[in-house]
Amino acid sequence: MPTSSLPDARDERPSGAIASELRAGLLGREAAISPKFLYDALGSRLFEAICELPEYYPTRTEAAIAVRHGADIARAIGPGATLIDLGAGNCAKAARLFPLLHPAQYVAIDISHDFLRESIERLQQRFPHIEMTGLGLDFSERLALPGVVRAEKRLFFYPGSSIGNYTPEQARAFLGRLRAQCDDDGALLIGIDLVKDAATLNAAYDDAIGVTAAFNLNILRHVNQLMGADFDVAQWRHRGFFNPGESRVEMHLEAREALTVRWPGGERAFKAGERIHTENSYKYRQSAAIGLLEQSGFRSVHVWTDPDQWFAVVYARALPR
């Protein structure tokens with residue numbers, strides 16, 4: 001009978017290594033915190049709320065593509081895949097694919113261990129016939145799948161615009177690591193946000209009621225927990241905007257006043273208006289997105305978009321080694 005399991009693996013690295021990574025980012029010439037630290041349990045719930053906002057088009061646009069082209073997606077992929085959901089969150093996007101793809105195994109991976117556990121438990125009740133495994137780990141730098149994950153017909157599922165959090169160079173390296181974790185029968189189903197007007201992008205990452213601001217500011221609370229820092233969230237404001245020169249949306253936290261942040265063994269002074277860079281979200285032209293996949297070991301097979309060409313869902317098979 002199918003079962004679910006969730007190994008106790010919040011992050012593969014010891015807490016000291018996480019703190020070292022955070023210190024290095026905060027002490028850089030331009031302070032930065034990796035966007036993966038946005039997703040503690042509270043951050044994951046705030047991102048769920050962002051996905052319900054009228055300004056945040058990626059979630060509803062991608063969902064509409066899945067509804068409109070679901071039968072075509074299912075025919076392209078076929079049944080019996082090992083569906084590996086990267087950044088699974090509440091697992092809702094993958095769950096919508098279950099009736100279409102009939103996966104042999106579902107593997108949910110997310111950095112937020114506690115949030116993932118709750119999601120898997122709820123999902124297994126809805127789909128008791130599917131074998132499910134949850135892995136609470138950070139896959140941004142490396143990915144070594146344990147033996148519990150089936151090797152046959154691995155399908156990496158990377159929805160949303162998450163690939164945009166990497167620079168193009170980092171994205172190629174990341175996708176190459178995915179290719180290394182599957183055989184020649186492996187594949188990728190990925191969501192890619194496309195270039196569009198700046199007003200739409202700015203609104204999506206700086207919404208009117210401030211949910212995205214709360215999501216971004218929460219990273220400071222999470223950093224306090226991880227490295228014993230003393231960030232005061234009230235001293236910072238959210239900044240989110242499209243940078244056309246880099247073809248990316250940027251999120252920053254800006255100091256409202258001159259201040260000093262301290263942590264065990266170190267500190268950094270910030271001037272009023274100085275920023276901490278927390279996230280990039282690159283936007284691609286369709287041709288560039290396909291090129292990125294091919295350079296990483298995947299051959300684009302099908303591309304589905306919405307009528308406005310705002311978003312693309314791409315199915316790509318592993319190139320033979």
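The structure presented is a predicted model; accordingly, all values stated were derived computationally and were not measured.

Chemist: Account for the overall build of the protein, with residues named and values stated.
Modeler: Looking only at helices and strands, the protein features 9 helices and 13 strands. In terms of overall dimensions, the protein is globule-like: its C-alpha atoms have a radius of gyration of 20 Å, near the 20 Å expected for 321 residues. Summarising its shape, the C-alpha atoms of the protein cover approximately 55 × 45 × 35 Å along the three principal directions. When the 321 residues of the protein are sorted by exposure, 53% land in the buried category.

Chemist: I'd like to hear about the pairing of strand 8 (residues 248-255), residue by residue, with values.
Modeler: For strand 8, the tally of buried residues reaches 8 of 8 residues, placing the bulk of the element in the interior. Both faces of strand 8 are covered, namely the face carrying Arg 248, Glu 250, His 252 and Glu 254 and the face carrying Val 249, Met 251, Leu 253 and Ala 255. As defined by bridge partners, strand 7 (residues 236-243) adjoins strand 8 across 8 bridges and the pair is classed as antiparallel. Its bridge partner being in strand 8, Trp 236 is matched across the sheet by Ala 255. As consecutive antiparallel partners, strand 7 and strand 8 are separated by 4 residues, and within that stretch Ser 247 has a phi angle of approximately 55°, a positive value. Here 7 bridges tie strand 8 to strand 11 (residues 275-282), and the two strands are oriented antiparallel to one another. By the bridge assignment for strand 11, Arg 248 is matched with Tyr 282.

Chemist: An account of the packing of aromatic side chains is requested, with residue identities and associated values reported.
Modeler: Overall, the coordinates contain 14 aromatic pairs when judged by the stated rule. When the ring of Tyr 166 is compared with that of Phe 174, the centres are 4.8 Å apart and the planes differ by 20°; the resulting orientation is stacked. In this structure Tyr 166 comes out as buried when scored by relative accessible area, which is 10%. Three or more aromatic residues joined by ring pairs form one cluster here, namely Tyr 39, Phe 47, Tyr 56, Tyr 205 and Phe 215.

Chemist: Can you lay out the sheet that holds strand 7 for me, pointing to particular residues and giving the numbers?
Modeler: Across the sheet, 3 strands lie side by side as 7-8-11; this open sheet has antiparallel pairing. Every interior strand has two partners, whereas the edge strands, strand 7 and strand 11, have only one. The sheet shows a mean angle of 20° between the axes of neighbouring strands, direction not considered.

Chemist: Account for the environment of Leu 178, naming residues and giving values.
Modeler: Structurally, Leu 178 can be placed in helix 6 (residues 168-180). For Leu 178, a relative accessible area of 1% puts it in the buried group. It is 7.5 Å that separates the C-alpha atoms of Leu 178 and Phe 156, two residues lying 22 residues apart in sequence. Leu 178 has contacts with Leu 86, Leu 143, Phe 156, Leu 188 and Phe 298, leaving out every residue within four places of it along the chain.

What counts and what doesn't
- Residues numbered from 1 in each chain as written.
- Predicted model: local features only at pLDDT ≥ 70, side-chain atom pairs only at ≥ 80, totals over all residues.
- Heavy atoms only, no water.
- Helix = DSSP H or I, 4+ residues; strand = E, 2+ residues; numbered from the N terminus.
- Rg over C-alpha atoms; globule rule 2.2 N^0.38 Å.
- Buried < 20%, exposed > 50% of the residue type's maximum accessible area, 1.4 Å probe, protein only.
- Pairing = 2+ DSSP bridges.
- Phe/Tyr/Trp six-rings, centres within 6.5 Å; stacked < 30°, edge-to-face > 60°.
- Axes fitted to C-alpha atoms, helices over the stretch in contact; angles between N-to-C directions.
- Contact = heavy atoms within 4.5 Å.

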